[in-house]
Amino acid sequence: MPAPFIAKQAQLEAKIADWMEIAGRTLRVDSIASFSGHKVYALTLTDPAVPLERKRRCYFSQPHAHEPGTTAGMADAIEQLVTGKDLAGNATRLDIEKALAKAILTFNPIGNPQGREAAPVPCWDGSKYTNDQFWCWMRGEDPDNPGKMWKRLDLWDTRVERHPKRIGIVYEQIDEHRYVEPNRSHLSSFFKLFFKLDKEFRYERWLDLHQTEFEKSQFNCMVLLPIKGLAEGDILAEDAAWGQQVVDAWTRAGYRPQPKPVHLGYTGEQAEYFRKNWGELHKRMHCISTEVKNNAPDATPEFQMKAQAIAIEESIQRLV
Ligand SMILES: [Zn+2]
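Peer 1: How should I be thinking about the coordination of the zinc ion in this particular structure?
Peer 2: Six octahedral donors around a metal ideally make angles of 90 or 180 degrees; four tetrahedral donors ideally make 109.5 degrees. Here the zinc ion is held by the protein donor atoms His64 (ND1), Glu67 (OE), Glu67 (OE) and His210 (ND1), which lie 2.0 to 2.4 Å from it. In this structure, the zinc ion is surrounded by four donor atoms whose angles at the metal cover 57 to 153 degrees, and the resulting shape is irregular. We note that the donor set of the zinc ion lies within a single chain, spaced as H-x2-E-x142-H. One end of the pair, Glu67, is in the loop between β3 (56-61) and α2 (69-83); the other, His210, is in strand β8 (residues 205-212), and 143 residues separate them in sequence.

Peer 1: Explain unusual backbone geometry to me, please; I cannot follow it from the model alone.
Peer 2: Where the residue is not glycine, phi is negative for most of them; where a peptide bond is considered, it is trans in most cases. Of note in the backbone geometry, Phe214 takes a positive phi value of approximately 50 degrees without being a glycine. Inspection of the secondary structure puts Phe214 in the loop between β8 and β9 (221-225). Even without being glycine, Asn295 reaches a positive phi, approximately 55 degrees. As for its placement among the helices and strands, Asn295 is situated in the loop between β11 (286-293) and α9 (301-319).

Peer 1: What exactly am I supposed to notice about the side chain of Asn277 here?
Peer 2: Take Asn277: it is sitting in helix α8 (residues 268-284). What makes Asn277 buried here is its relative accessible area of 5%. Among the polar contacts listed, one links the side chain of Asn277 to the backbone oxygen of Arg184, at a separation of 2.7 Å. Discounting chain neighbours no more than four positions away, the residues touching Asn277 are Asn183, Arg184, Ser185, His186 and Phe191.

Peer 1: What am I meant to see in the nonpolar core here?
Peer 2: Within soluble globular proteins, side chains that are nonpolar generally end up buried alongside one another. With 53 residues, the main nonpolar core has Trp19, Phe60, Leu81, Leu105, Phe107, Trp250 and Ile312 as its most contacted residues. Looking at this core, the element that brings in the most residues is α9, giving eight residues. If you look at the next biggest cluster of nonpolar residues, it comprises 26 residues, including Ile32, Phe194, Ala271 and Met285.

Reading guide: rules and limits
Residues numbered from 1 in each chain as written. Predicted model: local features only at pLDDT ≥ 70, side-chain atom pairs only at ≥ 80, totals over all residues. Heavy atoms only, no water. Donors = N, O, S within 2.8 Å, 3.2 Å for Na, K, Ca; no water. Tetrahedral: all angles 85-135°; square planar, octahedral: opposite > 155°, others 65-115°. Helix = DSSP H or I, 4+ residues; strand = E, 2+ residues; numbered from the N terminus. Buried < 20%, exposed > 50% of the residue type's maximum accessible area, 1.4 Å probe, protein only. Polar contact = N/O pair within 3.5 Å; in protein donor to acceptor, adjacent residues only side chain to side chain. Contact = heavy atoms within 4.5 Å. Core = buried A, V, L, I, M, F, W, Y, C linked by side-chain atoms within 4.5 Å.

Have a look at this one:
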């Protein structure tokens, strides 16, 4: 039986109800409400009998509504941590008791539920939309350039910008007129939820899960390190070693990863967004990102989900 692809808010909420029943005190559910009225969840798994100060602390998240394989992968990993089996019913390779005794593992499976709910498909498998059409769903269609996606902004206002008629699903509405790209503004639910939980748990690691199209690339997944200069010394060395562990696990599982983790390559305005929103975090903690192929016939739902689940499993194993 193929595993369910958990990507929509109702599917996630049904799973959370199941997980709460099975996990009991090892699962803590926090949430904040987005402007759209959706709950944005932080699911924390840990053994409450072991004091916090003895634990490793890792945050897992996904900011982009058009990258549902990240949610499916987190659901698969949480299912393993709660039930000992993945969503297809196969036994986990994780030592669950040890992981929950030694670590605090927090997951934000849907960073922007409003955007996710507006997506026309649960999974972008390349069967219905070309990449240009997909990108017009992502950022909206440029009113001055039909058929092409609109520009990429950290924060924008409908009263100021000549914007697409159908707003791109990557954006989260934060009040009547303003929208943000979740991982480029601390006004997003994505960042607000992280900082709320971080106040209590002071995370030492953050694995942020992403997808991209790998057009004309020989690779189908990769690990990204922070933009050059943001993480340095021992922090950067461990970021790279952690990323390499994920890359090696993908290779063993039959994926074609870029062989080494690489720095996020943005320059100019996009790099500025990252410096402003992530710069302090990169100096303090380990942050790496995955990118897994999206919107292509060779990137099946299972391919997308399992790549992200593998990255999470490796990150937990490295921690404990
Ligand atoms: Zn992304």
